[in-house]
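# Inside the fold
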Amino acid sequence: MKKKIVVTGAAGFIGFHVCKRLLKENYSIIGIDNLNSYYDVELKESRLNKLNELSTKNHKEWKFFKVNLTNDDFFDTTLKDESPNIVIHLAAQAGVRYSLKNPRAYIESNIIGFQNILDFCKNNYVENFIYASSSSVYGGNLKVPFSEKDPVNHPVSLYAATKKANELFAHTYSHLYEIPSTALRFFTVYGPWGRPDMAPMIFTKAILSKEPINIFNKGDMFRDFTFIDDVSEIIFELVEKPSTKNNQFNRESPDPSSSWAPHRIFNIGNSNSINLMRFIEALEKELGLKAIKNFKPMQPGDVTITSADTSAIESWTGKKPNTTIEKGVHKFINWYKEYYKI
């Protein structure tokens, strides 16, 4: 029997790529997104158009609902009638810096919306729940690379705090209702169809316009840039590999990455943290232009370095992100030029 998968945030960057990957297989996909104006709605609609084209061309089952995750009636009626087997929850109010300006948006989407998703999974016998967390949960941690076994009790932004809360909520439901739940801590995902509020898009637009780019902490920043195709491939692998209980779990010395309940946490990163200046150099090389650099101090809520230990996800799926920054940036710039007709 063909499995039916709900993907929230289907018009978003990661959600779009996950839907595209799953539509190539024999899955029936239900996409959900509220198409909010946090960033360019036209880009989100273009992603949806691509998914519509793919489903029509290849005769795949694809439905899309424009709805807020705070809409209880939608979960109780429309989505319930669809009877999905799997939920991949990628919708969220994103952005570390924006959480300083509009904290309420994060509570509504990342807390209330997440609660609605969990209740839907509980009430409708969902067999596999996969959801987006973030590398931001590591907060003020200095030990690198970041491991899922590390404590994450010191967030430095409200966004990070909501993602940590998501992990706690999901674990509780896994414990109480036996819902297999998998948290994915994404590390600086980039690539074609990326988010305009993130550095790759911001820098590329500025370089082409010969406008200065702001480089925070005077360039002393390291990020574990992770290419989008690697991310969607791992999520595809997890669709048929739900979390299981850790039968060796020791409550006297608890491992934060697993549990006696069917809940697990995985880093999704390239495990090769690079200096931000090297990433800018890769953009400059592909564009054939030099960036005008404006060095600025550290931003509130930011961290100096992110670096992922990915041994757990590699052990679980046999795969890990490994696209080089040069290859990833090349594919990103090719898409950027084509999409924006440069």
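Preceding block: the structure.
Residues numbered from 1 in each chain as written. Predicted model: local features only at pLDDT ≥ 70, side-chain atom pairs only at ≥ 80, totals over all residues. Heavy atoms only, no water.

Applying the stated criterion across every chain yields a total of two cavities of 30 Å³ or more. Approximately 40 Å³ is the volume found for the largest cavity. In terms of lining, the largest cavity is formed by Phe13, Val189, Tyr190, Gly191, Gly194, Arg195, Met198, Pro200, Met201 and Phe332. Elements with a minimum of two residues in the lining of the largest cavity: strand S7 (189-190) and helix H7 (199-208). Classifying every residue of the lining of the largest cavity gives seven nonpolar, two polar and one charged. When its volume is computed, the second largest cavity comes out at roughly 30 Å³. Lining of the second largest cavity is provided by His89, Ala91, Ala92, Asn110, Phe114, Ala132, Lys163 and Asn166. Counting residues per element, the ones that place at least two in the lining of the second largest cavity are helix H5 (103-123) and helix H6 (158-177). (1 Å grid on protein atoms, 1.4 Å probe; cavity = no way out; pocket = protein on both sides within 12 Å on 5 of 7 lines; lining within 4 Å. Points joined across faces, edges and corners; volume = space filled by probe spheres on them. Helix = DSSP H or I, 4+ residues; strand = E, 2+ residues; numbered from the N terminus. Nonpolar A, V, L, I, M, F, W, Y, C, P; charged D, E, K, R; others polar.)

Enumeration according to the criterion identifies 31 aromatic pairs in this entry. Taking 6.1 Å as the distance between ring centres and 50° as the angle between the ring planes, the aromatic pair formed by Tyr98 and Tyr106 counts as tilted. Judged by its relative accessible area of 0%, Tyr106 falls in the buried class. Connected via pairs of aromatic rings, a cluster forms that spans Phe16, Trp193, Phe332, Trp335, Tyr336, Tyr339 and Tyr340. Directly above the ring of Phe236 sits Arg21, whose terminal nitrogen or CZ lies 3.9 Å from the centroid. Over the aromatic face of Trp316 sits the side chain of Lys241, whose NZ or CZ is 4.3 Å from the ring centroid. (Phe/Tyr/Trp six-rings, centres within 6.5 Å; stacked < 30°, edge-to-face > 60°. Buried < 20%, exposed > 50% of the residue type's maximum accessible area, 1.4 Å probe, protein only. Lys NZ or Arg CZ within 6 Å of the ring centre and 35° of its normal.)

Before going further, it helps to examine the environment of Glu167. Its place among the elements puts Glu167 in helix H6. Of the polar contacts made by the side chain of Glu167, one reaches the side chain of Ser133; its length is 2.6 Å. (Polar contact = N/O pair within 3.5 Å; in protein donor to acceptor, adjacent residues only side chain to side chain.)

Our next topic: the sheet that holds strand S5 (residues 128-134). The seven strands lie next to each other as S3-S2-S1-S4-S5-S6-S11, forming an open sheet whose pairing is parallel. Of all strands in the sheet, those with a lone pairing partner are strand S3 (62-66) and strand S11 (263-268), marking the two edges. Taking the axes of each pair of neighbouring strands and ignoring which way they run, one obtains an average angle of 15° across the sheet. When strand S6 (residues 181-186) meets S11, the two strands line up parallel, connected through six bridges. Its bridge partner lying in S11, Leu184 is registered against Phe266. (Pairing = 2+ DSSP bridges. Axes fitted to C-alpha atoms, helices over the stretch in contact; angles between N-to-C directions.)

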